Amino acid sequence: MKPGQLILTLSLGGLLGLGQAQAKDSDFRQPVTIDAGRQLVELAENKVTFIDNVVVKQGSIDVRASELVVIRNERGLQSMTAKGSPATYKQILNNGKPVQAKAREIHYDMGARTITLIRDAELKQNDNIVTGYRIRYFIDKEQMEAESQGGKDRVTTIFLPEQVQNFDKQDSN
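Residues numbered from 1 in each chain as written. Predicted model: local features only at pLDDT ≥ 70, side-chain atom pairs only at ≥ 80, totals over all residues. Heavy atoms only, no water.

S.K.: Describe the overall build of the chain, with residues and values.
M.R.: Along the chain, the regular secondary structure elements total two helices and eleven strands. Its helices and strands taken in sequence order, the chain reads β-α-β-β-β-β-β-β-β-β-β-β-α from the N to the C terminus. Relative to all contacts within the chain whose residues are 6 or more apart in sequence, the contacts with residues 24 or more apart total 44%. (Helix = DSSP H or I, 4+ residues; strand = E, 2+ residues; numbered from the N terminus. Contact = heavy atoms within 4.5 Å.)

S.K.: Give me the nonpolar core: which residues, what numbers.
M.R.: Nonpolar side chains tend toward joint burial in soluble globular proteins. Counting residues in each nonpolar core, the largest one holds 32 residues, and the members touching the most others are Leu68, Ala82, Tyr89, Ile106, Leu117, Ile135 and Met144. Those elements giving two or more residues to this core turn out to be strand S4 (47–58), strand S5 (61–73), strand S6 (76–92), strand S7 (98–109), strand S8 (114–125), strand S9 (128–138) and strand S10 (143–147). Among residues more than four places away in sequence, those in contact with isoleucine 135 are Ile115, Thr116, Leu117, Ala121, Glu122, Leu123, Val130, Met144, Glu145 and Ala146. (Core = buried A, V, L, I, M, F, W, Y, C linked by side-chain atoms within 4.5 Å. Buried < 20%, exposed > 50% of the residue type's maximum accessible area, 1.4 Å probe, protein only.)

S.K.: Account for the pattern of salt bridges, with residues named and values stated.
M.R.: Under the definition given, this model contains six salt bridges. For the salt bridge of aspartate 62 with lysine 57, the shortest nitrogen-to-oxygen distance reads 2.8 Å. Overall, the relative accessible area of 36% leaves lysine 57 in the partly exposed class. Across the pair aspartate 62 and arginine 64 runs a salt bridge, and its minimum N-O distance is 2.7 Å. Bridged by salt links that share partners, the residues Lys57, Asp62 and Arg64 form one connected network. (Salt bridge = Lys/Arg side-chain N within 4 Å of Asp/Glu carboxyl O.)

S.K.: Break down the side chain of threonine 49 for me, citing the residues and quoting the values.
M.R.: With respect to the secondary-structure elements, threonine 49 resides in strand S4. Excluding anything up to four places from it in sequence, threonine 49 contacts Arg38, Gln39, Leu40, Glu42, Glu67, Leu68 and Val69.

S.K.: An account of the side chain of threonine 116 is requested, with residue identities and associated values reported.
M.R.: Here threonine 116 is to be found in strand S8. For threonine 116, a relative accessible area of 6% translates into the label buried. At 3.2 Å, the side chain of threonine 116 forms a polar contact with the side chain of arginine 136. Excluding its chain neighbours within four sequence positions, the residues that come into contact with threonine 116 are Glu105, Ile106, His107, Arg134, Ile135 and Arg136. (Polar contact = N/O pair within 3.5 Å; in protein donor to acceptor, adjacent residues only side chain to side chain.)

S.K.: So what's going on with the confidence of the model for the chain? Residues and values would help.
M.R.: Scored by pLDDT, the chain comes out at a mean of 78, with 77% of its residues at no less than 70. Looking across the chain, the model is least confident in strand S1 (residues 7–11), with a mean pLDDT of 33, and most confident in strand S3 (residues 38–42), with 95. Contacts from residues 1–21, a stretch scored under 50 in pLDDT, to residues over four places away or in other chains number 56 contacts. (pLDDT = per-residue confidence, 0-100.)

Structure follows, in structure tokens:
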């Protein structure tokens, strides 16, 4: 870990205090639909760039960006990187509650099953919010990691008073 870097690793469910906060696994088995104003295909690099009001849908997942770069390999889609001011990510979780995220860059690595929000990152569920320079969600582990930019900013988490009281009640049992 670099000096001055703050890393906070928590289970997403524990962090947000919302019970069963699991990403909808069925979403990741759905086809990916990408709609944009234009696209550029670079066959030699296995890369497709979508530009101009990009909308990505996969099950309940909804991503909006000004640009999206998709990298493929011989097994199919490998990664997607959405950029915007900000790019946004929305999904309905297994518990039926929505999660929303935004950042200047959202990277989805299908092989590693991670979603990374970079620069001005914000993750929100109900009124609970996590902000930082980088937020990474490990889908299979159901873990979230947030970090600052080496002392230039801080990781901030906001819990509602009602949910803090619920944590206190769980600890006394």
